[in-house]
Amino acid sequence: MPTIVPNLWFDKEAKEAAAFYCSVIPDSKINSSVVLRDTPSGDCDLVSFELAGQPFMVISAGPLFKFNPSTSFILNFDPSQGRTRQDLEALWNQLLPGGSVLMPLAPYPFAPLFGWLQDRYGLSWQLILSDPSGEARPFITPALLFVGEVCGRAEEAQDFYVSVFANARRGTAMRYPAGMEPEREGTLMYSDFMLEGQWFAAMDSAQPHNFAFNEAISFMVYCDSQAEIDHYWTQLSAVPEAEQCGWLKDKYGLSWQIVPRALERMLQDPDPERVNRVNQVVLQMKKLELAELQRAYA
């Protein structure tokens, strides 16, 4: 399993949404589904699935957070990888019903075909027909849009994340030129970077937006030891009041979950009593302590 996995927070639709995404994106599957009982949100569905090989986790945990375009997922249709214009158009038509268009599906200066939409659940997708002569990128890339108070800090954030994670580097960068006000010249129109061998994208936007990063989309960082948990927690956590159950917020407002890799196996145990014991211990913690979780599991 990759080290960093997107986690999507739904009100009640996690199982339905996972099934929908797996039905419209080829080479996708549900890996597991469990119920976490007696949480502050009641009983919560927790579903693990893969979209074209990219792992996701989704949870139904109440109407506390809503998706918005500050975090989206780029779907890269690279003809050299067998993904065609027709594939892009077909997926656009499957994702759009019940949703809304943020940027129409059309040619743009940066791509022969691109569109940005929010699907029926409010999750944002950017579909792009890419240049097959460019450096290869995965089909799915999480994209971070830095707006409002953090606008202009996308490059700073990118460099910070590259300094925190291993197997990390910067990729491409395109900057705003002069004359594109309110965008500030030199800030990032688009960039991408690698963390733990996984690609992410980052952009600044000074346009008026009524959204920001929130807990609806977080990134789970799987750790093999308590030392790794401690490292990421110390480096990333910047909002003490947001620390709970392994969750934290960094200095840009982005949410992360720092979790031991063994926790997923514990929560998928067929013994519901074991699962409940572990989950109740998680609910009492801020930073997760692997030894305490192992004791509860045993």
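Note that the structure is predicted; figures quoted are calculated from it, not measured.

Caption draft 1: Representation of helix 3 (residues 154–164) within the structure. Among all positions of helix 3, only Ala154, Ala157, Gln158, Phe160, Tyr161, Val162 and Val164 are buried. The secondary structure elements touched by the buried residues of helix 3 are strand 9 (140–146), strand 10 (169–175), strand 11 (188–195), strand 12 (198–204), helix 4 (226–236) and strand 15 (255–260).

Caption draft 2: Here's a closer look at the packing of helix 3 against helix 4. The geometry of helix 3 relative to helix 4 is characterised by a closest axis approach of 11 Å and an angle of 160° between their N-to-C directions. Judged by the angle between their axes, helix 3 and helix 4 are roughly antiparallel. You can see that helix 3 and helix 4 cross each other, and the crossing is right-handed. Contact with helix 3, carried on its side by Phe160, Tyr161 and Val164, involves His231, Tyr232, Gln235 and Leu236 of helix 4 and no other residues of that element.

Caption draft 3: Molecular detail of unusual backbone geometry. Each neighbour pair has its own omega, and for Glu181 with Pro182 the value is 10°, a cis peptide bond. Inspection of the secondary structure puts Pro182 in the loop between strand 10 and strand 11. Even without being glycine, Asn167 reaches a positive phi, approximately 45°. Following the sequence through the fold, Asn167 ends up in the loop between helix 3 and strand 10. In the Ramachandran plot, Glu196 falls in the positive-phi region, its phi being about 50° despite a non-glycine side chain. Counting through the fold element by element, Glu196 comes out in the loop between strand 11 and strand 12.

Each value, and the rule that gives it
- Residues numbered from 1 in each chain as written.
- Predicted model: local features only at pLDDT ≥ 70, side-chain atom pairs only at ≥ 80, totals over all residues.
- Heavy atoms only, no water.
- Buried < 20%, exposed > 50% of the residue type's maximum accessible area, 1.4 Å probe, protein only.
- Helix = DSSP H or I, 4+ residues; strand = E, 2+ residues; numbered from the N terminus.
- Contact = heavy atoms within 4.5 Å.
- Axes fitted to C-alpha atoms, helices over the stretch in contact; angles between N-to-C directions.
- Parallel < 35°, antiparallel > 145°, perpendicular 65-115°, else oblique.
- Left-handed = near helix turned anticlockwise from the far one by under 90°.

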